[in-house]
Amino acid sequence: MRKPVSSLKSRARSLAVFSAVSLMSLLLVVWVVSVGRAIEETTPDSGLSQAKQLMQDGNLAEASELFRAVIKNSKSADKQVVESLDALQQCQQQLGLFSSLDADLATALAAHPNAHRVLATAATQLQNTQHWGVVADQKFSRGYARGQQNGQQVNVLEQDRLQSLKWRFRAIELATQGDAPANADELAQLNLDQAGALQLGRERTLEWRLQSLTDLQKIPDYLDLDGQNAGPSRPAPVNSAG
């Protein structure tokens, strides 16, 4: 008994769709593998050059991966890491992504722990970024996550202030040591930026909060749900005597 023509056509269409999807999946895997190998084989000089060209062409996601390769390469020069961090932040902001900042900074500092220029750049980026996010499943995600249904929104201005101060304090220590000390202009800028970080969350009517010392030995707790540190929006407290 012959099968209806419509049934055969339907089956043929299904096979064609399945083949097309399978081919696309295969091509995607090949692309991911090839890009991964290309990134691994890239030197800091060529990687940075390629990333900048991709960024200029508007390929921000691809550029971001190459910038990250430069950042995590311990052989990258401080100047290359700083340039990559700044460019990577621009890419992520244009893509509307903020959640990768903390991991990117951690990667840079793990690969270059004693580079004062990298520490200073990380401190500045953290000081100037969005100071809020979501805690879900014991993980902090910076910014607003699209489709985020679970978790609690948190303000992390105090945590960011503390971490920024810690990183820049270490940068200032290293800036007068090692094989590549900072010049007078760099050192002056480091101290000016540190003064700005000290004032974070302590502007105008909140300047009285500068009377409280900041313990740089503490580790910022980004999972602190009990004490939200948005900061009081009031003038300095007074006693009964005024």
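Use the structure listed above.
Conventions used here
- Residues numbered from 1 in each chain as written.
- Predicted model: local features only at pLDDT ≥ 70, side-chain atom pairs only at ≥ 80, totals over all residues.
- Heavy atoms only, no water.
- Helix = DSSP H or I, 4+ residues; strand = E, 2+ residues; numbered from the N terminus.
- Buried < 20%, exposed > 50% of the residue type's maximum accessible area, 1.4 Å probe, protein only.
- Contact = heavy atoms within 4.5 Å.
- Areas by Shrake-Rupley, 256 points an atom, 1.4 Å probe, with all protein chains shown as cover.
- Axes fitted to C-alpha atoms, helices over the stretch in contact; angles between N-to-C directions.
- Parallel < 35°, antiparallel > 145°, perpendicular 65-115°, else oblique.
- Left-handed = near helix turned anticlockwise from the far one by under 90°.
- Nonpolar A, V, L, I, M, F, W, Y, C, P; charged D, E, K, R; others polar.
- Expected span 1.5 Å × (residues − 1).
- Arc of directions from axis to C-beta.
- Polar contact = N/O pair within 3.5 Å; in protein donor to acceptor, adjacent residues only side chain to side chain.
- Core = buried A, V, L, I, M, F, W, Y, C linked by side-chain atoms within 4.5 Å.
- Pairing = 2+ DSSP bridges.

1. Notes on the overall build of the chain
Piece 1. Looking only at helices and strands, the chain features eight helices and three strands.
Piece 2. Along the chain, helices (α) and strands (β) appear in the sequence α-α-α-α-α-α-β-β-β-α-α when read from the amino end.
Piece 3. Buried positions account for 33% of the 242 residues belonging to the chain.
Piece 4. In the chain, the proportion of contacts linking residues at least 24 apart, taken out of those at least 6 apart, comes to 66%.
Piece 5. Of the roughly 15,400 Å² of accessible surface on the chain, a fraction of 55% belongs to carbon and sulfur atoms.

2. Examining the packing of helix α6 (residues 116-128) against helix α7 (residues 157-175)
Piece 1. For the pair α6 and α7, the least separation of the axes is 8 Å and the interaxial angle reads 160 degrees. Our classification of the angle between α6 and α7 gives roughly antiparallel. Helix-helix and strand crossings are classified by hand; for α6 and α7 the assignment is left-handed. Where α6 approaches α7, its residues His116, Leu119, Ala120, Ala122, Ala123, Thr124, Leu126 and Gln127 are matched on the opposing element by Asp160, Gln163, Ser164, Trp167, Arg168, Arg170, Ala171, Leu174 and Ala175.
Piece 2. Residue classes in the contact of α6 with α7 are distributed as nine nonpolar, five polar and three charged.

3. Quick notes on helix α8 (residues 184-198)
Piece 1. The end-to-end C-alpha distance of α8 is 21 Å, a good match for the 21 Å that 15 residues give at a rise of 1.5 Å each.
Piece 2. What α8 keeps buried is the set Leu190, Gln194 and Ala197. For α8, the arc enclosing every buried residue in end-on projection is 60 degrees, short of the 170-degree limit, so these residues lie on one face. Exposed residues lying more than 90 degrees from the buried face of α8 are Ala184, Asp185 and Leu192.
Piece 3. The elements touched by buried residues of α8 are α6 and α7.
Piece 4. Residue Asn183 occupies the N-cap position of α8, its side-chain oxygen lying 3.1 Å from the main-chain nitrogen of Asp185.

4. A look at the nonpolar core
Piece 1. Core analysis: the largest hydrophobic core is formed by 36 residues, its most contacted members being Met55, Phe67, Leu85, Leu105, Val118 and Trp167.
Piece 2. Counting residues per element, the ones that place at least two in this core are α2 (44-56), α3 (60-72), α4 (78-94), α5 (101-111), α6 and α7.
Piece 3. In this structure, Leu85 is in contact with Ile71, Asp104, Leu105, Ala108, Val118, Thr121 and Gln125, ignoring residues within four places of it in sequence.

5. Concerning α4
Piece 1. Relative to the 24 Å expected for 17 residues at 1.5 Å per residue, α4 spans 25 Å between its end C-alpha atoms, a close match to the ideal helical length.
Piece 2. Inspection of α4 places Gln80, Val81, Val82, Ser84, Leu85, Ala87, Leu88, Cys91 and Gln92 among the buried residues, and these make up the whole buried set.
Piece 3. Gly96, located one to two residues past α4, shows a positive phi value of around 75 degrees.

6. Re the sheet that holds strand β2 (residues 139-142)
Piece 1. Pairing is antiparallel across the open sheet formed by three strands, whose spatial order is β2-β1-β3. The sheet is open, and its two borders are formed by β2 and β3 (152-155), each paired with just one other strand. The mean angle between the axes of side-by-side strands here comes to 35 degrees, regardless of whether they run parallel or antiparallel.
Piece 2. Across four bridges, strand β1 (residues 132-136) lies against β2 in antiparallel orientation. Note on β2: the bridge partner recorded for Gly133 is Arg142.

7. Observations concerning the environment of Asp102
Piece 1. Here Asp102 shows up in helix α5.
Piece 2. In this structure the C-alpha to C-alpha distance between Asp102 and Leu126, which are 24 residues apart in sequence, comes to 8.2 Å.
Piece 3. Residues in contact with Asp102, not counting those within four places in the same chain, are Leu126, Phe140 and Arg142.

8. Re the side chain of Ser64
Piece 1. By secondary structure assignment, the location of Ser64 is in helix α3.
Piece 2. A polar atom in the side chain of Ser64 sits 2.8 Å from the backbone oxygen of Leu60.
Piece 3. With residues near it in sequence (within four places) discarded, Ser64 still touches Leu88, Cys91 and Gln92.

9. Here we look at the side chain of Gln125
Piece 1. Of note, Gln125 is situated in helix α6.
Piece 2. Non-local contacts of Gln125, meaning those with residues more than four positions away in its chain, are made with Leu85, Asp86, Gln89, Leu101 and Leu105.

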